[in-house]
Amino acid sequence: MKLLPLHKLGTREISAGVIDFGLFLPWVSASNGNRLWVKIIHEKDQFLQAIQPVKFELNHSVDLDYGDYWSVQVDINSTPKPDAKSAWGSPGRYVYRYCLENSNVPEMIDWIIDPFAREFGVGKLSAFTLGYEVYSWSDQENIWKTPALDDLVLYELMINEFGGDIDGAIAHLDYLADLGINCIELMPVSNVANTVDWGFLPIGYFGVDERFGKRKDLQRLIDAAHQRGIAIILDAVYGHTSESFPYAYVYKKLAYWENPFMGAFAKDYFGESTDFRRTFTRDFFFTVNHHWLDCYHADGFRYDCVPNYWDGPEGQGYACLTYETYQMVKAKQGLAGHWQRFVQNGDINLIQCAEQLEGPREILKQTYSNCTWQNETLGAAKCVAHGNQDELASLGLRLGLSGYPAEVTNDDDRIKKTALQYIENHDHSRFVCDFRTVFRGNELLGEGDRSLWYKVQPYLIGIYMAKGIPLLWQGQEFGENYSVPEQGWGRVLMFRPVRWDYFYDPIGKKMIALVRKLIKLRRTHPQFRYGVHFFYNHHDRYQSKGLMLFSRRYGNNFSLIALNFGDQEQTVPFVFPFGGDYREELHGHENLKDIVFREQSWLTVPGNYGRIWTLQ
């Protein structure tokens, strides 16, 4: 893979008021009767009836690597205003779109967005800022280090649901840092056509969607997060696009049988599939990765729907992209500036997280991904919540990431590996919904019964004490309780803002106190981050009573975690592998004194809760 020449793609102000437009449209040439225009209007004029966009025709040439290239230079200042009242010529944002004329197509193909736009307007409009000045990063960016994999505590959020916009998200960074979060996973920030949308059908990849803010706003968010010790990774949607994505839209309108970018490749779950057999497609998404790492200082990616472009460990799709991205970052070793953030103690701490729910172990073993989503823990937890105690053994094994590699060596690259642990994320209803969901005449308005919040506690304790990277979904820490339909457009096209008032109610206060304590324990005790996980799989003694016991050990650091998923308090025997005194970490009221090595002790675990005993 190689980087596309972004210096001649998209829009760039090459001198005061002179804007250079350029894009690749492979197989669309002037010799075939095609003509391409760009329509431009100042943002302030776009809804005024008397003011129409100004239209400029692009010139065709041939790029040696990628074929048909269209470009034009527009001098904003020397172009007459379309109306006396127009803002044309003033500084600020201009929105634009392309339109294509082909002799074989009856009507002009309009509303073609710029696939290389760095800014966006409303809906399917691309944008540029006249007089744009690049963002000045803080001095701390040159010393910031992306956290090591085992140290991560993740928080998934959608910018507009979490804080309204990027400024609102920045205002909550101190809260997240205080909570103990050191990595934020942003749901897609790429451009989509709708105002309310999860963002998984992109139409523009090289900038932040205008419904969240502008590119400087996102740079400010990442800069501010780094100053608070918080990494940022981006949800990257590369296996499919919207039908309005220009490399899908244009060629369908032209009725081409083949496409230089799109097409069936691996699995085709939804959207328009991207074809990674095409060199242009591979280079495009490799360039997108480089752009976000370089221009926005992102710390990595969560790759959405990997099966859509997974063609095996030696294929041209996902495996190749993660390999090339890793090698690109590795080649930056020794450089001053922001690229140094990935290199620490000989490790490359680029975060490449796969959403490969069909083969999470394989994706870690066979690619340069260093972590993955996996729904196995969530699935087992749901079964237990629905009353199936036989699944407690499965949940215990899942919390220990049974069968997952801890490290893989590829060629000369030694890469640490792990998986995420969660009971909530954007794809599913809040976990409290598994105990009882209340519907208000419409499944879209369903909510989990927050009065049953206490039943979630043992699952939360398990997630944070487990092996792997714990993930919180926005508002989970104080009992957010939205229900999400299993299928349909209501999943992605409904706005579900975080209800911050929950933070202050009695339920929210109790939940966040527990989460804060668990995160602090995880970040201060090495056994919970690096330690061996051992599940005490004894059905008659533990699981039959609704209990799960597991331990975490790292060197001389040892903790026993006992979880009670039932309503009744339980007292059970346990033989500790180490003698001594044990402190109960959650409340300190059930400390164990003078435990004798390999002698049976009795443990009492309250219902719908747990205990964490740490050797002193």
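Residues numbered from 1 in each chain as written. Predicted model: local features only at pLDDT ≥ 70, side-chain atom pairs only at ≥ 80, totals over all residues. Heavy atoms only, no water.

Time to look at the overall build of the chain. If you tally the helices and strands in the chain, you get 13 helices and 34 strands. The C-alpha radius of gyration computed for the chain amounts to 27 Å, which stays within 12% of the reference 25 Å derived for 616 residues, consistent with globular compactness. Along the first, second and third principal axes, the C-alpha atoms of the chain reach 90 × 55 × 50 Å. The proportion of buried residues among the 616 residues of the chain is 62%. The long-range fraction of contacts in the chain, counting pairs at least 24 apart against all pairs at least 6 apart in sequence, stands at 70%. For the chain, the computed accessible surface area is about 24,000 Å², with 49% contributed by carbon and sulfur atoms. Across the chain, the mean location of the 62 positive side-chain charges is 3 Å away from that of the 76 negative side-chain charges. (Helix = DSSP H or I, 4+ residues; strand = E, 2+ residues; numbered from the N terminus. Rg over C-alpha atoms; globule rule 2.2 N^0.38 Å. Buried < 20%, exposed > 50% of the residue type's maximum accessible area, 1.4 Å probe, protein only. Contact = heavy atoms within 4.5 Å. Areas by Shrake-Rupley, 256 points an atom, 1.4 Å probe, with all protein chains shown as cover. Lys, Arg positive; Asp, Glu negative; His and termini not counted. Charge placed at Lys NZ, Arg CZ, Asp CG, Glu CD.)

A few words now on the sheet that holds strand β31 (residues 580–584). Spatially, six strands are ordered β27-β28-β29-β34-β31-β32 in an open sheet, and the strand pairing comes out antiparallel. Because the sheet does not close on itself, it has two edges, and the strands there are β27 (532–535) and β32 (592–595). With direction set aside, neighbouring strand axes in the sheet form an average angle of 20 degrees. Two strands pair when backbone bridges link them, and β31 and strand β34 (residues 609–615) are joined in this way by three bridges, in the antiparallel orientation. Across the sheet, the residue bridging to arginine 583 is threonine 614, located in β34. (Pairing = 2+ DSSP bridges. Axes fitted to C-alpha atoms, helices over the stretch in contact; angles between N-to-C directions.)

Let's shift gears to the environment of histidine 533. Mapped onto the elements of the fold, histidine 533 is located in strand β27. The buried category is assigned to histidine 533, whose relative accessible area is 14%. With residues up to four places along the chain from it excluded, the contact list for histidine 533 reads Gly396, Leu399, Gly400, Lys467, Phe550, Ser551 and Arg552.

Attention now moves to the nonpolar core. When a protein is soluble and globular, its nonpolar side chains tend to lie buried together. Counting residues in each nonpolar core, the largest one holds 164 residues, and the members touching the most others are Phe116, Leu218, Tyr238, Tyr247 and Phe284. Of all the elements, helix α12 (residues 506–524) adds the most residues to this core, at eight residues. Excluding residues that lie within four positions of it along the chain, leucine 218 makes contacts with Ile159, Ile166, Leu186, Val189, Val208, Trp292 and Tyr296. One finds Tyr542, Phe576, Tyr582 and Leu603 within the second-largest nonpolar core, a separate group that totals 17 residues. (Core = buried A, V, L, I, M, F, W, Y, C linked by side-chain atoms within 4.5 Å.)

A separate point is the pattern of salt bridges. All told, the structure shown has 40 salt bridges when counted by the stated rule. For aspartate 347, the salt bridge is made with arginine 414, and the minimal N-O distance between the two is 3.4 Å. With a gap of 67 residues between them, aspartate 347 in strand β18 (residues 347–348) and arginine 414 in strand β22 (residues 413–416) connect regions that are remote in the sequence. Here arginine 440 and glutamate 447 are joined by a salt bridge, their closest N and O atoms 3.0 Å apart. (Salt bridge = Lys/Arg side-chain N within 4 Å of Asp/Glu carboxyl O.)

One non-glycine residue, tryptophan 27, lies in positive phi territory at about 75 degrees. Note on placement: tryptophan 27 falls in the loop between β2 (18–24) and β3 (34–42). Despite not being glycine, alanine 255 has its phi angle at roughly 60 degrees, a positive value. Alanine 255 sits in the exposed class, given a relative accessible area of 58%.

Over the atoms rolls a probe the size of a water molecule, and its path tells where empty space is left. Within this model, the largest pocket holds a volume of roughly 730 Å³. Around the largest pocket, the lining is made up of 25 residues, and of these Trp198, Phe270, Glu355, Asp427 and Arg491 lie nearest the centre. The class makeup of the residues in the lining of the largest pocket is eleven nonpolar, six polar and eight charged. Approximately 440 Å³ is the volume attributed to the second largest pocket. Residue lining of the second largest pocket: 20 residues in total, with Thr11, Arg118, Tyr132, Val134 and Arg215 positioned closest to the centre. Counting only elements with at least two residues in the lining of the second largest pocket, the list comes to β1 (10–15), β10 (126–130), α4 (215–227) and α6 (279–295). (1 Å grid on protein atoms, 1.4 Å probe; cavity = no way out; pocket = protein on both sides within 12 Å on 5 of 7 lines; lining within 4 Å. Points joined across faces, edges and corners; volume = space filled by probe spheres on them. Nonpolar A, V, L, I, M, F, W, Y, C, P; charged D, E, K, R; others polar.)

You can see asparagine 564 is positioned in strand β29 (residues 557–564). Reaching out from asparagine 564, the side chain makes a polar contact with the backbone oxygen of glutamine 568 at a distance of 2.8 Å. Reaching out from asparagine 564, the side chain makes a polar contact with the backbone oxygen of proline 606 at a distance of 3.4 Å. Once you skip the residues sitting within four places of it in the chain, asparagine 564 turns out to touch Pro458, Lys545, Gly546, Leu547, Glu569, Gln570, Val605, Pro606, Gly607, Asn608 and Tyr609. (Polar contact = N/O pair within 3.5 Å; in protein donor to acceptor, adjacent residues only side chain to side chain.)

Let us now look at the sheet that holds strand β26 (residues 469–473). Judged by pairing direction, the barrel is parallel, and its eight strands sit side by side in the order β11-β12-β13-β16-β19-β20-β23-β26 before closing back on the first. Direction of pairing for strand β19 (residues 351–354) relative to strand β20 (residues 371–372): parallel, over a ladder of two bridges. Across the sheet, residue cysteine 353 finds its bridge partner in β20, namely cysteine 371. On top of the sheet, α4 reaches β12 (183–186) and β13 (231–236); it is set at about 140 degrees to β13, its chief contact.

Looking now at the environment of valine 134. One can find valine 134 in the loop between β10 and β11 (154–157). On the basis of relative accessibility, which here comes to 65%, the residue valine 134 falls in the exposed class. Valine 134 sits 82 residues away from lysine 216 along the chain, and the two C-alpha atoms are 7.7 Å apart.

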